[in-house]
Amino acid sequence: MVLDPLQYGLGGLSGALVGFTLGLFGGGGSILAVPLMVYVVGVPSAHLAIGTSAFAVAANAFANLIGHARLGNVKWRCAGVYSVAGVIGAFVGSSIGKMVDGQKLLILFALLMLVVGVLMFRKRGTEGNPGAQCSRENVHKVAAFGGLTGIFSGFFGIGGGFLIVPGLIAATNMPILYAIGSSLVAVTAFGLTTALNYAFSGYVDWLLAAIFIGGGVAGGVVGAYLARHLSARKGLLNSLFATLIFVVAAYMLYRSLGPAPHA
């Protein structure tokens with residue numbers, strides 16, 4: 001696939017928006033990356049958009065992880081257990097996803113986003129326990145949530161942060177700020193697993209991914225800084241996160257169920 005210079009420029013701007021979202025919410029980068037690839041940049045194949053965005057989101061998540069780690073927002077043991085279980089799930093899910101029609105994947109993706117948005121609104125006032133850790137009592141829950149979100153992540157070709165954040169909170173009762181920082185470990189691992197699986201089938205545009213990543217690194221610095229300040233206001237970060245999911249999901253359903261997008 002060959003894109004024109006304008007499309008690559010739009011890819012860079014889209015990457016900046018995705019990086020900002022990843023830094024701010026921990027998840028949400030891939031929520032924006034797939035529709036931006038399809039509807040803004042103009043990638044003609046849903047599978048190609050999914051594979052390329054999965055790699056770009058993984059790289060941007062890793063860049064944002066460095067900032068959150070320096071701020072002490074990562075629960076490494078929990079992130080490690082969650083990620084190992086999730087990588088196995090992501091490989092299984094992405095193998096199945098490649099066999100499903102791309103347009104159907106986008107519709108199912110949008111419906112899943114609506115469900116998660118509702119769950120995030122219900123938990124918007126939850127502060128959590130800052131001392132939460134992975135222990136013998138909850139490690140099975142962490143691994144189970146990790147494996148399940150990994151399957152969804154791989155199937156939809158997403159980093160999965162918008163699933164991982166509530167998954168970590170449900171498994172450990174950690175505050176959302178720590179869940180955001182820790183989720184970036186899993187987003188990186190899940191996205192890379194999915195991208196490599198898609199790349200094996202030729203579904204990754206490496207140049208577009210590189211431009212997307214460049215924009216994402218810049219946007220992520222701003223997002224991570226803002227996340228720390230917004231977390232001090234009870235429920236605000238959760239509410240913004242859920243609102244973002246609803247808005248993008250509604251747009252994706254409108255485009256997917258309406259007239260066919262211009263290729």
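Here the residue numbers are simple positions, counted from 1 along each chain's written sequence. Local features in a predicted model are, by the rule used here, given only for residues with pLDDT of at least 70; side-chain atom pairs are given and counted only at 80 or more, and totals for whole chains, interfaces and linings are based on all residues. Note: side-chain values were computed over all heavy atoms of the structure, leaving out hydrogens and water.

Brief notes about the overall build of the protein chain
Part 1 of the reasoning: Each helix is a run of H or I in the DSSP string that is no shorter than four residues. Each strand is a run of E no shorter than two, and both are numbered from the N terminus. Across its full length, the protein chain holds ten helices and zero strands.
Part 2 of the reasoning: The order of α-helices and β-strands along the protein chain, N terminus first, is α-α-α-α-α-α-α-α-α-α.
Part 3 of the reasoning: Each residue is assigned to one of three classes by its accessible area relative to the maximum for its type, calculated with a 1.4 Å probe on protein chains only: buried under 20%, partly exposed between the two thresholds, exposed over 50%. Within the protein chain, the fraction of its 263 residues that count as buried is 56%.
Part 4 of the reasoning: We call two residues in contact whenever any of their non-hydrogen atoms come within 4.5 Å of each other. A separation of at least 24 residues holds for 86% of the contacts in the protein chain among residues at least 6 apart in sequence.
Part 5 of the reasoning: In the structure as shown, the protein chain presents an accessible area of about 10,800 Å², 69% of it carried by carbon and sulfur atoms. Note on areas: Shrake-Rupley, 1.4 Å probe, and residue coverage restricted to the protein chains presented here.

Describing the environment of L114
Part 1 of the reasoning: Counting through the fold element by element, L114 comes out in helix 5 (residues 102-122).
Part 2 of the reasoning: Along the primary structure L114 and F246 are separated by 132 residues, whereas in three dimensions their C-alpha atoms are 5.8 Å apart.
Part 3 of the reasoning: Not counting residues within four places of it along the chain, the set of residues in contact with L114 comprises I245, F246, A249 and L253.

Some remarks on the side chain of D205
Part 1 of the reasoning: Here D205 lies in the loop between helix 8 (176-200) and helix 9 (206-230).
Part 2 of the reasoning: In protein, a polar contact requires one atom able to donate a hydrogen and another able to accept it; more generally it is a pair of N or O atoms within 3.5 Å, and residues adjacent in sequence count only if both atoms are side-chain atoms. In this structure the side chain of D205 is engaged in a polar contact, spanning 3.0 Å, whose partner is the backbone nitrogen of L208.

Focus on the environment of G216
Part 1 of the reasoning: Its location among the elements puts G216 in helix 9.
Part 2 of the reasoning: Its relative accessible area of 1% is what places G216 among the buried residues.
Part 3 of the reasoning: Residues G216 and A56, 160 residues apart in the sequence, show an inter-C-alpha distance of 8.3 Å.
Part 4 of the reasoning: Residues in contact with G216, not counting those within four places in the same chain, are G15, A16, G19 and N60.

Describing the packing of aromatic side chains
Part 1 of the reasoning: By convention, a stacked pair of Phe, Tyr or Trp rings (six-membered ring in the case of Trp) has centres within 6.5 Å and planes under 30 degrees apart, an edge-to-face pair has planes over 60 apart, and any other such pair is tilted. Enumeration over the complete set of coordinates arrives at three aromatic pairs.
Part 2 of the reasoning: Aromatic pair Y39 and Y251: ring centres 5.6 Å apart, planes at 90 degrees, arrangement edge-to-face. Remark: Y251 occurs in helix 10 (residues 236-257) and Y39 occurs in helix 2 (residues 29-41); sequence separation between them is 212 residues.
Part 3 of the reasoning: Classification of Y39 by relative accessible area gives buried; the value is 14%.
Part 4 of the reasoning: With centroids separated by 6.0 Å and ring planes inclined at 55 degrees, the aromatic side chains of Y198 and Y203 adopt a geometry described as tilted.
Part 5 of the reasoning: Since its relative accessible area comes to 26%, Y203 is described here as partly exposed.

A few points about unusual backbone geometry
Part 1 of the reasoning: We note that N173 has phi near 65 degrees; this positive angle belongs to a residue other than glycine.
Part 2 of the reasoning: Structurally, N173 is set in the loop between helix 7 (161-172) and helix 8.
Part 3 of the reasoning: Residue N173 is classed as partly exposed on the basis of its relative accessible area of 39%.

Describing helix 4 (residues 76-97)
Part 1 of the reasoning: To estimate the expected span of a helix, count its residues, drop one, and scale the result by 1.5 Å. The terminal C-alpha atoms of helix 4, which comprises 22 residues, lie 29 Å apart, in line with the 32 Å expected from a rise of 1.5 Å per residue.
Part 2 of the reasoning: Of all bends in helix 4, the biggest is about 25 degrees, found at G86. Think of it this way: the bend at a residue is just the angle between two axes, each fitted to seven residues, one set ending at that residue and the other starting at it.

Overview of the environment of V34
Part 1 of the reasoning: Here V34 shows up in helix 2.
Part 2 of the reasoning: Given the relative accessible area of 0%, V34 is considered buried.
Part 3 of the reasoning: Between the alpha carbons of V34 and A46 there is a distance of 8.1 Å; along the sequence they are twelve residues apart.
Part 4 of the reasoning: For V34, the contacting residues outside a window of four places in its chain are I50, S53, L106, F109, G157 and I158.

Topic: the packing of helix 4 against helix 6 (residues 139-156)
Part 1 of the reasoning: Axis lines are fitted to C-alpha atoms, over the contacting stretch for helices. Their N-to-C directions set the angle, which ranges from 0 to 180 degrees. Across the interface, helix 4 lies against helix 6 with an axial gap of 6 Å and an inter-helix angle of 30 degrees. Judged on the interaxial angle alone, helix 6 and helix 4 are roughly parallel. Considering how the two elements wind past one another, helix 4 and helix 6 form a crossing that is right-handed. Contact residues: helix 4 offers C78, V81, Y82, A85, G86, G89, A90, G93, S94, I96 and G97, while helix 6 offers V139, V142, A143, F145, G146, G147, T149, G150, I151, G154 and F155.
Part 2 of the reasoning: Ten residues, namely Ala, Val, Leu, Ile, Met, Phe, Trp, Tyr, Cys and Pro, are considered nonpolar, four, namely Asp, Glu, Lys and Arg, are considered charged, and the remaining ones, Gly among them, are considered polar. Considered class by class, the residues forming the contact of helix 4 with helix 6 number twelve nonpolar, ten polar and no charged. When an angle is under 35 degrees it counts as roughly parallel; over 145 it counts as roughly antiparallel; between 65 and 115 it counts as roughly perpendicular; any other value is oblique. Helix crossings are classified by the rotation of the near helix relative to the far one: an anticlockwise turn of less than a right angle makes the crossing left-handed, while a clockwise turn makes it right-handed.

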